[in-house]
Amino acid sequence: MEQEQKPAKEKNPWTHTIQLPTTSLNMKAQLPKNEPAIQEFWKKNRIYASIQEKRKDGAERFLLHDGPPYANGNFHVGHGLNKILKDIIVKYYILNGYYSPYVPGWDCHGLPIELGVIKKLKDKKDTEKLNDPVAIRKECRRYATEYIHIQANDQSRFGVFWDDSELERLTPENQINPEKFYYTMSPSYEAAILGAFADIFKKGFIYKGEKPIHWCPHDQTALAEAEVEYAEHTSDSVYVAFPVANKPDTFVVIWTTTPWTLPANLGVSFHPDFSYATYTVENRNYIIATGLEESFFAKTKMSFSQKTSLTRAELEELDVRHPFLDRKSIVMFGTHVTLETGTGIVHTAPGHGQEDYVIGREYGLEPYSPVDHAGRYTKDFPLMEGKNVFAANPEVIDLLREKGLLLGHEKITHSYPHCWRCHNPLIFRATPQWFLKVEPLKEKAAEESAKIQWIPGWGEKRFTSMVENRPDWCLSRQRTWGVPIPAFACKKCGHTHMTPESLDYIHRLVQENGIEIWFSRDTKDLLPPGSVCEKCGHTEFQKENDILDVWFDSGVSWYSVLEKNPGLSTPADLYLEGSDQHRGWFQSSLWPSLAIRGQSPYKTVLTHGYILDDKGRAMSKSLGNVISPVKDIIPKYGADILRLWVSSEDYRSDSRIGFPMLDQLSESYRKIRNTFRYILGNTMDGKAAAYLTDADVTEPIDRWVLHELYETGEKIKKAYQNYEFHAVYHTALKFTTVTLSNLYFDIIRDRLYCDVNPAESQGNSVNPFQSRRNSSIAALRIIGDSLMTLLAPVLSFTMEEIHQILYPGKSVFENLWPDLEKWKNPQIKEKMDKILEWKDKVNIKVEELRKNGTLGSSTEAKVTLPAEASAWANADEMAFYLVVSEVIFEEKASVHAEKSGKEKCPRCWQYDDLTEKGLCRRCSAIVENPA
């Protein structure tokens with residue numbers, strides 16, 4: 001049996017008289033596909049560069065200085081957060097008419113690149129290059145150049161504005177205009193590093209000394225404070241008895257977690273204000289601090305029979321001997337000794353600890369360290385010569401046990417310094433190194449820190465506490481890839497030769513020929529003619545082999561970039577990096593600037609937190625939770641979703657990211673995009689609003705929504721200025737989805753669709769309803785234009801896409817921030833707030849009727865309101881605001897809704913008394929052809 005066909009739905013004869021939205025903006029954004037074309041538009045038309053060029057000489061300036069990422073590996077989500085935050089800020093200032101150039105940088109020297117190159121050469125078994133520093137450096141330049149290109153392209157794909165016009169020209173040999181971007185291995189930058197070093201030397205802040213510093217035995221180089229990370233480590237904890245030669249059977253007891261440092265012991269330190277006593281155990285007497293006896297005897301499982309107090313004079317007379325070497329261990333007094341743990345007496349090895357070094361200098365002790373670059377004992381400790389110090393711990397403990405001087409031993413797990421590069425444990429070791437004096441600069445550092453704006457505010461306390469406790473900065477590294485420290489050693493007496501004249505001479509040579517002349521030329525060609533040793537008068541020297549700390553390279557970027565480039569200046573308005581840079585780049589930038597210029601290189605410091613996965617875990621390959629912005633996020637969602645995520649997060653603390661979160665953000669993005677689509681559709685991609693002006697905004701509802709736009713604009717502007725981008729996101733989302741989509745659009749939809757007949761000309765003055773529709777169209781144009789600019793710093797690709805529909809060939813970033821003050825209207829807001837209160841009450845009643853099936857659309861409703869509501873709008877106006885067909889005011893009535901008893905207009909679907917045409921009065925007037 002054939003299925004009975006349903007009758008065809010009768011076509012509405014009035015459909016052609018309705019003005020339905022039409023736009024070329026696709027609801028499906030297809031961001032991964034479409035964003036590259038927008039990138040190409042920016043690049044081809046030099047949008048960023050042309051804006052900066054026009055403003056360079058007259059506009060107010062805002063300078064954000066980029067901290068250089070390391071040219072090694074692909075950008076991760078943390079880089080994406082950092083780069084997009086910077087871009088949002090720069091674009092905000094561009095849209096406000098500022099000259100705000102963004103000059104990105106890359107950090108190119110250092111051990112990770114060198115080790116990466118060495119590994120490649122080893123894999124290729126290229127032993128010739130492995131033994132040639134010049135060849136290694138050449139390979140390092142190639143390696144860093146490759147990653148600059150990779151990271152630069154990633155940065156551009158994030159939507160970051162910068163001038164990449166010379167990127168394609170970048171090769172290991174090519175000099176690139178430093179006004180476009182900087183990289184620390186460029187010839188001009190390397191010369192500037194030497195220039196900054198020379199200036200600091202001339203100010204008296206550079207010296208060479210032998211003192212203990214963090215040393216990595218694995219990488220065989222010194223490390224700066226910023227290169228040290230702390231991790232859990234298991235150590236041997238021992239109580240050791242030091243014999244007292246002038247008191248038989250008496251021992252000074254120390255506690256240490258580094259038994260391997262005992263061969264370097266030169267003294268024992270007491271606190272000048274603590275009380276000490278001798279505790280008798282059988283036939284031995286042990287000296288420890290009063291107050292620690294309970295924990296000491298519990299740990300050593302001993303008990304004492306007698307306690308005898310000691311005076312400081314008695315302590316000073318002690319002839320303490322080393323536990324297993326034939327030498328004295330002198331008695332010292334220092335306030336670094338504590339009663340927190342141990343015995344209140346500190347084993348002191350001036351060559352293996354900062355506090356030990358300081359107290360040792362007071363007592364005339366040299367920083368003795370019988371350990372070589374690889375962390376092995378030297379011939380100065382023949383008993384274990386060649387043994388790794390960590391591996392030697394058990395043997396040192398056995399030696400103490402054999403001599404009867406080991407009183408207690410256990411394993412403890414504690415926080416211990418590790419190398420940030422190889423993640424192996426470090427040692428403190430005294431070696432001749434170059435240092436930047438920090439102590440004389442600390443007072444000035446505190447003064448400058450108080451002037452700086454810290455965001456978040458807790459950054460100031462964190463930073464200043466690090467500054468207060470900072471030792472002198474160890475500048476030298478024992479590696480190949482970096483800027484050499486231009487020091488010479490006298491061949492006759494070994495004296496280190498470095499003078500202002502020698503520094504100026506090599507600086508000029510490097511400016512003219514590049515840094516590689518240090519490796520390619522003979523020593524005599526690198527010194528001023530007539531150079532002699534200040535100590536012995538000899539004239540022959542040899543080059544030293546140390547290079548500068550890579551943190552010094554990036555730390556003088558203000559000197560090398562901001563001061564050297566026209567159009568830039570110092571101090572910068574803003575430094576923005578991760579919170580770990582309180583002990584890194586922020587400090588390495590501050591000390592050279594204080595030494596050379598006597599001021600901070602930045603006015604404001606803003607920090608962001610770390611990136612975690614959606615479960616709050618750190619991202620790691622072992623957990624399999626690493627998300628790549630370029631490989632995982634952008635191909636699936638597009639860069640604008642990544643940018644929206646950056647804006648949605650309160651980046652000042654740690655931020656979470658995961659695909660469920662990105663899916664939610666995509667839904668928020670869809671709502672924002674749909675709002676713009678509605679605006680474009682009802683203005684016919686701007687064509688319907690082209691002839692309208694601000695004066696056409698006449699209707700209260702439109703003046704109200706523009707007041708809401710004004711308030712939204714003020715909130716968003718304040719959020720940008722305060723770097724609270726999550727407030728930008730939430731404010732914009734609320735305005736587009738609640739104020740516009742859920743409220744304003746719902747109210748004006750009938751006017752937009754039905755107050756005009758498409759067959760009429762847009763300027764038909766006979767239509768009595770045209771002006772109120774024009775009012776809404778004009779308001780939509782103002783909203784669309786304003787929102788595009790307000791959101792362009794965040795949703796850069798999408799706002800450019802929309803702008804190109806409205807204004808082909810002109811970039812949204814050529815706009816200026818909208819002045820919305822003229823739409824401020826507290827009176828209209830007061831009126832609408834009251835009306836919206838009634839609307840909320842009516843919506844509750846209408847929704848009840850919809851749920852029980854009495855009503856379909858709210859336009860079917862007839863509403864009764866108390867007479868007091870008429871103070872804010874007449875019946876027709878109130879019906880318009882409430883989106884119902886009829887409103888009646890009655891004295892002392894309660895809010896009531898019911899189904900209208902009138903007929904449905906087939907054109908607008910409002911319920912009204914219909915005319916002879918079968919339409920409501922409004923629709924009849926519009927469809928009548930006055931011609």
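In this report, we go over the structure that sits alongside the text. (Residues numbered from 1 in each chain as written. Predicted model: local features only at pLDDT ≥ 70, side-chain atom pairs only at ≥ 80, totals over all residues. Heavy atoms only, no water.)

Looking at the secondary structure, you find Asp-613 in strand 25 (residues 611-613). Judged by its relative accessible area of 2%, Asp-613 is buried. Taking the C-alpha atoms as reference points, Asp-613 and Leu-849, separated by 236 residues in sequence, lie 46 Å from one another. In terms of polar contacts, Asp-613 uses its side chain to reach the backbone amide nitrogen of Lys-615, at 2.9 Å. (Helix = DSSP H or I, 4+ residues; strand = E, 2+ residues; numbered from the N terminus. Buried < 20%, exposed > 50% of the residue type's maximum accessible area, 1.4 Å probe, protein only. Polar contact = N/O pair within 3.5 Å; in protein donor to acceptor, adjacent residues only side chain to side chain.)

A word on helix 26 (residues 826-851). Turn by turn, an α-helix covers 3.6 residues, leaving residues three or four places apart pointing in a common direction. Across its 26 residues, helix 26 extends 37 Å between first and last C-alpha, which sits within 8% of the 38 Å expected from 1.5 Å per residue. The complete set of buried residues in helix 26 reads Ile-828, Lys-831, Met-832, Ile-835, Leu-836, Trp-838, Lys-839, Val-842, Val-846 and Leu-849. Lining the buried residues of helix 26 we find helix 22 (700-721), helix 23 (725-754), strand 27 (861-866), helix 27 (875-882) and strand 29 (896-899). Positive backbone phi, at 85°, marks Gly-853, one or two positions downstream of helix 26. (Expected span 1.5 Å × (residues − 1). Contact = heavy atoms within 4.5 Å.)

What the rule picks out here adds up to zero disulfides. Its sulfur unpaired, Cys-474 is 13 Å from the next cysteine sulfur, which belongs to Cys-216. With no disulfide of its own, Cys-923 has Cys-920 as its nearest cysteine by sulfur position, at a separation of 3.5 Å. For Cys-923, a relative accessible area of 0% translates into the label buried. (Disulfide = S-S within 2.5 Å.)

As a further point, take unusual backbone geometry. Following Ile-455, the chain continues into Pro-456 via a peptide bond in cis, with omega recorded as -5°. When you line up the elements, Pro-456 lands in the loop between strand 16 (453-455) and helix 13 (458-468). The phi dihedral of Arg-46 is positive, around 50°, even though this residue is not glycine. Its place among the elements puts Arg-46 in the loop between helix 1 (31-44) and helix 2 (47-55). Backbone geometry at Asp-685 places phi at a positive 55°, although glycine is not the residue there. The topology assignment puts Asp-685 in the loop between helix 21 (659-682) and helix 22. Residue classification places Asp-685 among the buried positions, given a relative accessible area of 11%.

For the rest of this paragraph, the subject is the nonpolar core. Formed by 158 residues in total, the largest nonpolar core has its most connected members in Trp-645, Tyr-723, Tyr-744, Ile-783 and Leu-865. Sequence-distant contacts of Trp-645, defined by excluding residues within four places in its chain, comprise Val-77, Leu-81, Ile-611, Ser-655, Arg-656, Ile-657, Met-661, Leu-662 and Leu-665. By size, the runner-up hydrophobic cluster in this structure holds 65 residues, among which are Tyr-182, Phe-205, Ile-506 and Leu-509. (Core = buried A, V, L, I, M, F, W, Y, C linked by side-chain atoms within 4.5 Å.)

Our focus in this paragraph is the packing of aromatic side chains. The tally for this structure, following the rule as stated, stands at 46 aromatic pairs. With a centroid separation of 5.0 Å and an interplanar angle of 80°, the aromatic rings of Phe-270 and Tyr-276 are classed as edge-to-face. No difference in accessibility class separates Phe-270 from Tyr-276, as the two residues are buried. A network of ring pairs unites the aromatic residues Phe-62, Tyr-92, Tyr-93, Tyr-98, Tyr-651, Tyr-720, Tyr-723, Phe-725 and Trp-817 as a single cluster. It is Arg-312 that lies over the ring of Phe-333; its NZ or CZ is 4.0 Å from the centre. (Phe/Tyr/Trp six-rings, centres within 6.5 Å; stacked < 30°, edge-to-face > 60°. Lys NZ or Arg CZ within 6 Å of the ring centre and 35° of its normal.)

Attention now moves to the sheet that holds strand 16. The pairing of strands in a sheet happens through backbone hydrogen bonds and is either parallel or antiparallel. One open sheet accounts for four strands, arranged 1-23-24-16; its pairing is parallel. Taken across any chain shown, the strands that pair with only one partner, and hence form the sheet edges, are strand 1 (64-65) and strand 16. Inspection of the sheet shows strand 16 paired to strand 24 (residues 602-608) by three bridges, in the parallel sense. Each residue of the ladder has a partner; that of Ile-455, found in strand 24, is Leu-606. Helix 3 (residues 77-95) rests against strand 1, strand 23 (572-578) and strand 24 of the sheet, and its axis sits at about 155° to strand 23. (Pairing = 2+ DSSP bridges. Axes fitted to C-alpha atoms, helices over the stretch in contact; angles between N-to-C directions.)

This part covers helix 6 (residues 133-157). Its 25 residues place the ends of helix 6 36 Å apart at the C-alpha level, agreeing with the 36 Å of an ideal helix rising 1.5 Å per residue. Put simply, Asp-132 is the residue that caps the front of helix 6, since its side-chain oxygen is 3.1 Å from the backbone nitrogen of Val-134. Of the residues one or two after helix 6, Gly-159 is the one with positive phi, at around 90°.

Helix-helix packing is characterised by the crossing angle of the two axes and by the distance between the axes. Orientation of helix 7 (residues 187-202) relative to helix 14 (residues 500-513), taken along the N-to-C sense of each, is 170°, at an axis distance of 9 Å. Classified by the interaxial angle, the pair formed by helix 7 and helix 14 is roughly antiparallel. For the pair helix 7 and helix 14, contact is made by Ala-191, Leu-194, Gly-195, Phe-197, Ala-198, Phe-201 and Lys-202 and by Pro-500, Leu-503, Asp-504, His-507, Val-510 and Gln-511, respectively. Its residues placed into classes, the contact of helix 7 with helix 14 shows eight nonpolar, three polar and two charged. (Parallel < 35°, antiparallel > 145°, perpendicular 65-115°, else oblique. Nonpolar A, V, L, I, M, F, W, Y, C, P; charged D, E, K, R; others polar.)

With respect to the helices and strands, Ile-84 occurs in helix 3. On the basis of relative accessible area, Ile-84 is assigned to the buried category, the value being 0%. Between the C-alpha atoms of Ile-84 and Gly-195, which are 111 residues apart in sequence, the distance is 33 Å. Beyond its immediate stretch of four places on either side in the chain, Ile-84 contacts Phe-158, Leu-642, Arg-643 and Val-646.

Across all of its chains, the model carries 57 salt bridges by this definition. For Glu-516, the salt bridge is made with Arg-137, and the minimal N-O distance between the two is 2.9 Å. Of this pair, Glu-516 sits in the loop between helix 14 and helix 15 (517-520) while Arg-137 sits in helix 6, and the two are 379 residues apart along the sequence. According to the relative accessible area criterion, Glu-516 is partly exposed, its value standing at 26%. Taking the shortest distance from any N to any O, the salt bridge between Glu-667 and Arg-670 comes out at 2.8 Å. Placement of both Glu-667 and Arg-670 in helix 21 is noted, with a separation of three residues, approximately one turn of the helix. By relative accessible area, which is 35% here, Glu-667 ends up partly exposed. Within this structure, Asp-66, Lys-83, Lys-86 and Glu-577 form a network of salt bridges that share partners. (Salt bridge = Lys/Arg side-chain N within 4 Å of Asp/Glu carboxyl O.)

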